Every structure is written in C-alpha cells, then in structure tokens.
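Reading the structure
Each chain is listed here by its residues.
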Amino acid sequence: MKILVCISHVPDTTSKINFTDGDTKFDTNGVQFVINPNDEFGLTRAMWFKEKQGASVDVVNVGGAETEPTLRKALAIGADNAIRINAEAVDGFFVAKQLAKVVQDGGYDLVIAGRESIDYNGGMVPGMVAALTGSNFVNTCIGLEVEGDVATATREIDGGKETSTAKLPLVIGGQKGLVEESDLRIPNMRGIMMARKKPLNVIEPVEAGNETKAVQFQKPAPKGDVKLVSPDNVQELIDLLHNEAKAI
Amino acid sequence: MSVLVYTESEGGKFKKAALEVASYAKEIANMLGTTVTAVSIHGGDSNELGAYGVDKVLEVKNDKLSTFNAKAYADTLKQAAEKEDAKVVVVSSSADSKFLAPLLAVNLNAGYASNVVALPEGASPFKVKRTAFTNKAFNITEITTDVKVIGLSNNAFGLKENSAAAVAEAFEPSLAEEDFNVNVVSVDKATDKVSIADAEIVVSGGRGLKGPENWGMIEDLADVLGAATACSKPVSDMGWRPHGEHVGQTGKPVASNLYIAVGVSGAIQHLAGINASKVKVVINNDPEAPFFKAADYGIVGDAFEVVPKLIEKLKEFKSNNA
C-alpha cells in the first residue's frame with residue numbers, strides 16, 4: 001500500500017497571532033512552526049500501517065523552502081520520502097490541485113490529510129483532493145483500518161460516530177482518534193540523523209488558479225473584564241445570565 | 001437565478017441550523033434581488049421553511065438517500081443548483097455539511113468559504129468574514145468564482161423570521177452507482193442527548209473535577225439547562241470521558257450561546273476551540289486560571305460546593321419561568 005500524508009506547516013498552537021502589511025499577512029516573526037496537529041495524528045496512523053502492514057509512506061507539502069524543517073520532522077518520525085511543491089499555498093483549491101497531481105502521478109492508494117489546518121481552518125483540501133482524483137472520501141476520520149483493497153473508516157458525526165467501508169483509493173480528512181495523543185512520536189536522534197539522508201524532492205507547481213483570496217485579517221475586539229460572582233450567591237449568576245446576557 | 005440552501009433534517013424534522021441557513025440565505029437573496037430555494041432530503045414540513053424566507057423547496061425522496069451519503073448528497077445539491085441557476089449555495093457547519101461542501105464546490109467549480117460568520121459585504125466583490133486561526137482571528141475572504149459555496153458557522157447569524165410561500169416541488173436527482181461507493185455499516189449515536197454541535201448551551205468539565213466518578217453533577221447541570229456535556233482534552237486523554245466530548249482545537253469546535261466551564265483551567269488550545277461561544281462562564285477555585293481572562297462571568301470557588309447550589313437554584317428558576 002502506498003500512502004501519501006499531506007502535511008500543512010502551521011504556527012505552533014500557543015503562538016501569538018498577529019498580522020502585518022496593513023493586516024493582509026500573517027506575521028511570522030518569532031513564530032515557531034509545526035506539523036499541523038490534525039495531520040500529525042494521520043502521520044502517526046500511517047506509521048502504524050508501515051510497521052504492521054509494510055506500507056510505504058510519503059509526505060507532501062505545498063510551500064516555500066522555509067517549510068522544509070517541518071517535512072524533515074515528518075521524515076524523522078518515519079516517513080520514507082518527502083515532496084515539497086514549491087509554491088505559496090494561495091487557497092485551499094490551489095493546494096488541492098497541486099496535491100491531486102502528486103496523488104495521480106504517484107499512484108497512491110491512501111491519502112491522509114488533516115480535517116483542517118489550525119491556521120486557515122478551510123477544511124476543504126481533503127474533500128477537494130478526493131473530488132479531483134475521483135477517490136472515495138471520508139471526513140473527520142477517527143478510526144481507519146485497511147484489509148486488502150478495502151478500508152473501514154469511522155468518522156465523527158454530530159452526537160456520535162459512523163463507520164463505513166470503501167474501496168481504495170481513499171482520501172481521509174483525519175483528526176485525533178486516528179491515534180491517541182499518547183501515541184504521537186517525538187523524533188529520536190536516530191530518526192533525525194536518518195531524516196537528513198532521506199529524499200526531499202522539490203517539484204514545481206502545476207498551473208492552477210485560485211478561487212478565493214484572503215484579503216484581510218482582523219483580531220477579535222478586546223473583551224471586557226470577567227464579572228465575578230460570589231460562590232455564596234449563585235442566584236446572582238442566574239439573574240445575570242437571564243437578564244443581562246439573555247443566555248438562559 | 002436563486003440562492004440555494006441545504007436544509008438538514010434529523011428524524012424528519014428540520015434542524016435549527018437549517019432554519020438559520022435559510023434565514024441567512026434570505027438576506028443574501030434580498031441583496032441580490034432574487035429568491036431562496038431550499039433542498040430538503042427526506043426533510044420536515046416544508047411550510048416551516050417558509051417562515052424563514054424560503055420561496056421554494058425541492059423535496060427529495062429517494063430510498064437511496066434515506067441516510068446521509070456525502071457524495072450522493074453533494075451530487076443532488078449540484079443538480080439542484082444547476083436547475084435553479086444558483087450563484088450562491090449556503091450550507092451549515094454540521095459534520096455532514098462540512099463533509100459534502102468541498103465535494104460540492106469542486107462539482108460546481110465554485111469557490112468555498114467555510115466558518116462564515118456574517119453576511120457578504122457586497123455582491124461584487126463578494127467578500128465574507130470567516131473565523132481563522134481557530135477563532136483567534138477573523139479573515140475577510142473574497143470568493144472570485146461565478147458560483148460560490150458558503151458554510152455558515154453555527155449560531156453566527158441566528159434565526160430571522162420572514163414569511164414566504166415555500167412552494168414545494170418534488171425533485172428527483174439522477175444518481176450514479178459511484179455515488180454510493182462509501183457504504184455506512186454502523187452508526188453509534190446517542191439519540192436521547194443533545195449533541196455539542198446542535199446545543200444552545202454546553203456544560204464542560206475539566207481536570208478540576210478530580211475523576212470520572214464526579215461527572216454526575218455535570219450531567220445534572222446539563223440536564224436542567226437542556227445542555228450538551230463536553231470536556232477538556234486532558235479529561236478525554238485520561239479516559240474519564242469519551243473522545244466525542246473533547247472540545248478544543250483538536251477536538252470539537254463549540255459555537256453555543258452559552259458555555260459553562262467547570263474546573264477547566266483554560267489552556268490556549270481549549271479557549272481557541274470554544275471562543276466562538278457567545279457567553280462564557282467559568283467556575284474554578286483558582287483565581288489565576290487563564291479561563292477567567294476569556295470568560296464573561298466567573299465564580300472563584302469550589303466546584304463541588306458551587307455546582308450543586310447552582311443546580312438547585314436553576315431548578316427553581318426553571319420552574320418559575322416555565
């Protein structure tokens with residue numbers, strides 16, 4: 001089985017979010033970048049398929065040279081090869097077009113992407129890659145098994161979960177649940193050394209337009225101070241929620 | 001030309017999110033000087049949609065579509081959009097809508113903006129405000145394609161009553177075999193509980209509750225409020241509560257009207273996931289807990305004393321306001 005894991009290079013979850021150039025660009029100054037958490041759960045599940053079922057695992061990212069440390073980290077965790085599509089990730093559709101080309105050229109059986117990146121939260125790349133490549137698709141995937149050419153995938157639905165079967169090729173939008181948080185791997189020294197020698201191929205993008213443009217960013221308006229209520233007067237909280245906040 | 005809206009149902013009744021997307025679609029239709037057409041797949045009473053501004057309802061009844069299937073539903077919506085010459089298609093932020101929206105967007109060669117929280121600023125250029133950086137910022141996105149797909153964030157717009165005729169019309173999409181290549185084999189869903197996605201109020205517990213045996217009071221508090229229960233990440237990682245209850249950046253997003261956090265410290269990842277909620281309340285014995293900076297109302301106190309008192313007072317409040 002050939003697996004492709006799509007990796008988004010995103011600011012660390014605790015980063016301060018600021019913008020520059022008249023609030024049109026994310027300010028990367030002093031920001032630590034990491035593998036998108038939703039992708040990392042998928043990458044770890046891919047490692048399981050590699051170790052237990054002999055799958056090969058490639059990782060891919062759309063971005064400039066500055067994203068290579070994130071791909072190297074994925075190699076250090078255990079991916080076999082990395083591909084960097086040398087282009088700015090303009091929008092979800094553009095990224096999906098680039099990934100679809102890699103999926104088709106590489107003949108991948110299983111494509112694992114995160115359900116969304118934690119920066120732009122578009123939540124569209126996995127579905128679009130599936131649609132563009134004519135693959136089956138399961139979103140918000142929290143469990144995945146593959147036997148022969150049939151996958152059994154569990155997805156989170158509102159208020160529960162749902163399990164489906166589908167033939168490969170399959171694209172999933174993954175998230176926590178594919179593996180547990182405690183299963184995530186921190187690259188060890190051997191992995192880091194080996195990652196230096198593994199192939200990281202840089203390819204040029206295919207012609208593709210974008211369909212959306214992020215024209216501006218705004219920060220939420222500053223919030224007022226919390227109103228504290230005495231623990232001996234919970235009735236006051238009820239009154240505030242009813243009369244002032246109109247929430248109950 | 002019309003604005004197309006996908007109105008979801010559950011157990012033969014329209015979901016609140018369906019009425020919200022209908023209300024939103026009506027405002028866009030007014031802006032564009034056109035009408036609203038809803039697509040209802042094994043849905044509720046179409047007259048109900050009229051009260052939220054829907055002019056026409058395409059009613060789909062097809063045994064193959066009696067349970068959700070993203071590809072087949074996306075294909076149905078595509079055909080409806082083409083029949084109605086829709087330039088704007090509105091869907092909700094339910095798990096199902098987020099599943100089908102990217103497939104629909106590719107089918108229609110449409111640009112898609114998810115997590116939209118406001119009406120477009122204008123028809124041309126077509127710019128919408130959406131949340132980004134997991135609720136730490138907003139992003140104004142311009143959709144540049146002829147056809148546009150909008151995913152509206154839950155509870156972002158609210159319900160707006162309108163009276164329209166809601167003329168029902170049977171609609172039979174032509175479906176291909178390949179639409180059904182993903183086959184549902186089992187569904188595990190609590191039907192007696194309100195889901196986090198649909199809830200107006202969410203009550204959430206954190207590590208401060210000390211153990212899974214103490215969740216009874218969280219459930220009691222949720223019951224009296226008709227709320228869904230949720231938990232923080234450490235709580236689900238330790239196996240105190242099921243993963244489906246984990247809310248936060250890597251868990252479920254919450255955009256409820258009221259979010260009550262009990263014994264949750266308020267790590268940045270947790271706050272990011274729940275920040276879209278309108279009113280936030282925290283009960284925690286540590287006045288330094290970061291949640292107090294994010295909350296609207298707070299009680300510094302022992303949850304084991306405060307919550308039972310709160311439940312008792314809420315019961316009185318409910319019986320007086322019934």
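In the nomenclature of an unreviewed UniProt entry, chain B is known as Electron transfer flavoprotein subunit alpha/FixB family protein of Aquimarina algicola. Check the Sequence similarities (unreviewed entry) section of the UniProt entry for chain B; it says "Belongs to the ETF alpha-subunit/FixB family."

By the naming in an unreviewed UniProt entry, chain A goes by Electron transfer flavoprotein subunit beta and is assigned to Aquimarina algicola.

**As for the overall build of chain A**
A count of helices and strands for chain A gives six helices and 15 strands. The C-alpha extent of chain A, read off along each of the three principal axes, is 65 × 45 × 40 Å. The burial tally for chain A puts 50% of its 248 residues in the buried class. For chain A, the proportion of contacts with a sequence separation of at least 24, taken over those separated by at least 6, is 70%.

**Digging into the overall build of chain B**
Of the regular secondary structure elements, chain B holds nine helices and 17 strands. The C-alpha atoms of chain B give 21 Å as radius of gyration, which agrees with the globular expectation for 322 residues (20 Å, within 12%). Overall size of chain B, expressed as C-alpha extent along the three principal axes, is 60 × 40 × 40 Å. A buried classification covers 59% of the 322 residues belonging to chain B. For chain B, the share of sequence-separated contacts (at least 6 apart) that also reach a separation of at least 24 residues comes to 65%.

**Description of the interface of chain A and chain B**
Size of an interface, as often reported, equals the accessible area lost when the parts are brought together. Across the boundary between the two partners, chain A contributes 62 residues, which contact 71 residues of chain B. Elements represented by at least two residues in the side of chain A that touches chain B include exactly α1 (37-53), α4 (125-133), β9 (136-147), β10 (150-157), β11 (160-167), β14 (212-218), β15 (227-229) and α6 (234-244) of chain A. Here the residues of the side of chain A that touches chain B are counted per class, giving 28 nonpolar, 22 polar and 12 charged. Note: β15(A) against strand β17 (residues 297-300) of chain B, three bridges, orientation parallel. Looking across to β17(B), one finds that A:Lys227 is bridged to B:Tyr297.

**Here we look at the sheet that holds strand β1 (residues 2-6) of chain A**
Here 10 strands make up an open sheet; going across it, the order is β13(A)-β7(A)-β6(A)-β1(A)-β8(A)-β12(A)-β9(A)-β10(A)-β11(A)-β12(B) and the pairing mixed. Among the strands making up the open sheet, the edge pair consists of β13 (200-203) of chain A together with β12 (182-189) of chain B. Strand-to-strand, the axes of this sheet are offset by a mean angle of 30°, without reference to chain direction. With seven bridges connecting them, β11(A) and β12(B) associate as antiparallel partners.

**Things to note about the domain arrangement of chain B**
Residue and element names in this part refer to chain B. Per the domain assignment, the segments making up chain B are domain 1 (2-180) and domain 2 (201-320). Taking only C-alpha atoms into account, the centre of domain 1 sits 32 Å from that of domain 2. At the interface, eight residues of domain 1 touch eight residues of domain 2.

**A closer look at the UniProt feature "domain: Electron transfer flavoprotein alpha/beta-subunit N-terminal" (unreviewed entry) in chain A**
When the UniProt feature table is mapped to this numbering, "domain: Electron transfer flavoprotein alpha/beta-subunit N-terminal" (unreviewed entry) covers residues 23-212 of chain A. Along residues 23-212 of chain A one finds 32% helix and 32% strand; the C-alpha atoms at either end are 17 Å apart.

**Concerning the UniProt feature "domain: Electron transfer flavoprotein alpha/beta-subunit N-terminal" (unreviewed entry) in chain B**
In the UniProt entry, the feature "domain: Electron transfer flavoprotein alpha/beta-subunit N-terminal" (unreviewed entry) is given for residues 3-184 of chain B. The span residues 3-184 of chain B is 27% helix and 31% strand, and its two end C-alpha atoms sit 31 Å from each other.

**So, the sheet that holds strand β14 (residues 228-231) of chain B**
Read from one edge of the open sheet, six strands run β15(A)-β17(B)-β16(B)-β15(B)-β13(B)-β14(B), paired in parallel fashion. At either margin of the open sheet sits one strand with a lone partner, and together these are β15 of chain A together with β14 of chain B. Taken pair by pair, the neighbouring strands of this sheet meet at an average axis angle of 20°, ignoring direction. Summarising the sheet, strand β15 (residues 258-262) of chain B and strand β16 (residues 279-284) of chain B pair through five bridges and their orientation is parallel.

**Details of the UniProt feature "binding site: FAD" (unreviewed entry) in chain B**
Residue and element names in this part refer to chain B. The feature "binding site: FAD" (unreviewed entry), as annotated in UniProt, sits at Arg207, Gly263, Val264, Ser265, Gly266, Ala267, Ile268, Gln269, His270 and Asn284 in this numbering. Examined against the element boundaries, Gly263 turns out to sit in the loop between β15 and α7 (268-274). With 27 C-beta atoms packed within 10 Å, Gly263 lands in the buried category. Residues within four places of Gly263 in sequence aside, it is in contact with Gly205, Gly206, Arg207, Gly208, Leu209, Asn284 and Ala303. You can see His270 is positioned in helix α7.

**Thoughts on α1(A)**
Relative to the 24 Å expected for 17 residues at 1.5 Å per residue, α1(A) spans 24 Å between its end C-alpha atoms, a close match to the ideal helical length. Just downstream of α1(A), A:Gly54 is the residue with a positive phi angle, here 65°.

**Quick word on the nonpolar core**
Membership of the largest hydrophobic core comes to 169 residues, with the highest contact counts inside it found for A:Val5, A:Val129, B:Ala22 and B:Val90. Per-element tally for this core: the top contributor is helix α1 (residues 16-32) of chain B, with nine residues. Per-domain counts for this core show at least three residues from each of domain 1 (2-180) and domain 2 (201-320) of chain B. Look past the residues within four positions of A:Val129 in its chain and what remains in contact with it is A:Ala96, A:Leu99, A:Ala100, A:Val103, A:Val111, A:Ala113 and A:Val171.

**Observations regarding the packing of helix α3 (residues 70-83) of chain B against helix α4 (residues 95-107) of chain B**
Helix-helix packing is characterised by the crossing angle of the two axes and by the distance between the axes. All names here are of chain B. Two elements in contact, α3 and α4, have axes whose closest approach is 9 Å; the angle formed by their N-to-C orientations is 45°. It follows that α3 is oblique to α4 by the angle criterion. Viewed along their axes, α3 and α4 form a crossing whose handedness is right-handed. Note on element contacts: α4 touches α3 through Phe99, Leu100, Leu103, Leu104 and Asn107, opposite Ala70, Lys71, Tyr73, Ala74, Asp75, Leu77 and Lys78. The class makeup of the residues in the contact of α3 with α4 is eight nonpolar, one polar and three charged.

**Observations regarding α6(A)**
Those residues of α6(A) that fall on the buried side of the exposure criterion are A:Val234, A:Leu237 and A:Leu241. Buried residues along α6(A) cover an arc of 50° about the axis, so they all sit on one side. Among the exposed residues of α6(A), those pointing more than 90 degrees away from its buried face are A:Asn243 and A:Glu244. Buried-residue contacts for α6(A) involve β15 of chain A together with β15, β17 and α9 (303-320) of chain B. The first or second residue beyond α6(A) is A:Lys246, which carries a positive phi of 55°.

**Notes on the environment of B:Val21**
Residue and element names in this part refer to chain B. Of note, Val21 is situated in helix α1. Owing to 29 C-beta atoms within 10 Å, Val21 belongs among the buried residues under this scheme. On a C-alpha basis, the gap between Val21 and Thr67 in space is 21 Å, while along the polypeptide they are 46 residues apart. The contacts of Val21, once residues within four sequence positions are left out, are Val5, Thr7, Val90, Val91, Ser92 and Leu152.

Cut-offs used in this document
Residues numbered from 1 in each chain as written. Chains lettered and ligands numbered in written order. Predicted model: local features only at pLDDT ≥ 70, side-chain atom pairs only at ≥ 80, totals over all residues. UniProt positions renumbered as here; feature names shortened; annotations may be inferred. Helix = DSSP H or I, 4+ residues; strand = E, 2+ residues; numbered from the N terminus. Buried ≥ 20, exposed ≤ 12 C-beta atoms within 10 Å, placed from the backbone. Contact = placed C-beta atoms within 7 Å. Rg over C-alpha atoms; globule rule 2.2 N^0.38 Å. Nonpolar A, V, L, I, M, F, W, Y, C, P; charged D, E, K, R; others polar. Pairing = 2+ DSSP bridges. Axes fitted to C-alpha atoms, helices over the stretch in contact; angles between N-to-C directions. Domains from an automatic or database assignment. Expected span 1.5 Å × (residues − 1). Core = buried A, V, L, I, M, F, W, Y, C linked by C-beta atoms within 7 Å. Parallel < 35°, antiparallel > 145°, perpendicular 65-115°, else oblique. Left-handed = near helix turned anticlockwise from the far one by under 90°. Arc of directions from axis to C-beta.

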